[in-house]
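Examining the three-dimensional arrangement
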Amino acid sequence: MAKRKKKPRIRPLALCVFRRGDQIFVSQGHDSRAKQTFFRPIGGKIEFGERGADAVIREVREEIDAEVADLKYLGTLENIFTYEGAPGHEIVMIYDGRFRDPALNRDDFTVQGTDDGDILYEAGWKRLDSFRAPDAPPLYPTGLLALLDPAKPR
């Protein structure tokens, strides 16, 4: 019997933008095929029957062992991309929130996000301006910077 090719799926995600003045807390990733470093707020996949806000709370707890407070829905972005040579498509619910533990707001705070003992990423605070320069590393999902800068033209 021939093996069926897996049909591409759209992934539903929920991410949280933790802000501190002109900085946001982001994970750093790298696409080895594109030879590109990129950044993304933390969060993850929305499970079947789970609300986006609940996914953010669960994912942040699972990945960096931190608690989230004051979640506020900011909007939804569609992200169509290529990562490691494979096409991807995500519908991303974006939330604003804060860390319950004020120690996580220190300038020098960095953390490794983990899942089942595997290190997924390193995350820390970055200035929003570091994503505005023409040669800046991308901030994903696409459109996030414009969502965070409502006064600036899109």
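Below or above, wherever it landed, is the structure these notes cover.

The rules behind these values
- Residues numbered from 1 in each chain as written.
- Predicted model: local features only at pLDDT ≥ 70, side-chain atom pairs only at ≥ 80, totals over all residues.
- Heavy atoms only, no water.
- Helix = DSSP H or I, 4+ residues; strand = E, 2+ residues; numbered from the N terminus.
- Expected span 1.5 Å × (residues − 1).
- Buried < 20%, exposed > 50% of the residue type's maximum accessible area, 1.4 Å probe, protein only.
- Salt bridge = Lys/Arg side-chain N within 4 Å of Asp/Glu carboxyl O.
- Pairing = 2+ DSSP bridges.

As for unusual backbone geometry
Across the junction of Tyr140 and Pro141, the peptide omega takes the value 0°, indicating a cis bond. Its place among the elements puts Pro141 in the loop between β7 (118-127) and α2 (144-148). Positioned with a positive phi, Glu84 is a non-glycine residue whose angle comes to about 55°. Structurally, Glu84 is set in the loop between β4 (68-83) and β5 (86-99).

Some remarks on helix α1 (residues 52-64)
For α1, spanning 13 residues, the distance from its first C-alpha to its last is 18 Å, which sits close to the expected 18 Å at 1.5 Å a residue. Looking only at α1, the buried set comprises Gly52, Ala55, Val56, Arg58, Glu59, Val60, Glu63 and Ile64. Of the residues flanking the end of α1, it is Asp65, one or two places downstream, whose phi is positive at about 55°.

A closer look at the pattern of salt bridges
On inspection of all chains with the given rule, the structure shows 14 salt bridges. Between Arg58 and Glu59 there is a salt bridge; the shortest N-O distance is 3.1 Å. For Arg61, the salt bridge is made with Glu67, and the minimal N-O distance between the two is 2.8 Å. Owing to a relative accessible area of 40%, Arg61 belongs among the partly exposed residues under this scheme. Several salt bridges converge on common partners, so that one network encompasses Asp22, Arg127, Asp129, Arg132 and Asp149.

Digging into the pairing of strand β2 (residues 23-31)
Within β2, seven of the nine residues are buried, which leaves the element mostly enclosed by the surrounding structure. Pairing analysis gives three bridges linking strand β1 (residues 11-20) to β2, with the strands arranged antiparallel. Directly across from Arg19, in β2, lies its bridge partner Ile24. Between β1 and β2, which pair antiparallel in sequence order, lie two residues; one of them, Gly21, sits at a positive phi of approximately 65°. Bridge count for β2 against β7 is six bridges, and the pairing is antiparallel. Residue pairing in the sheet places Gln28 in a bridge with Glu122 of β7. Here β2 runs beside strand β3 (residues 36-45); their pairing, made up of six bridges, is antiparallel. The partner of Val26 across the bridge, within β3, is Pro41. Linkage of β2 to β3, two consecutive antiparallel strands, is achieved through a turn of four residues, within which Lys35 is found at a positive phi near 55°.

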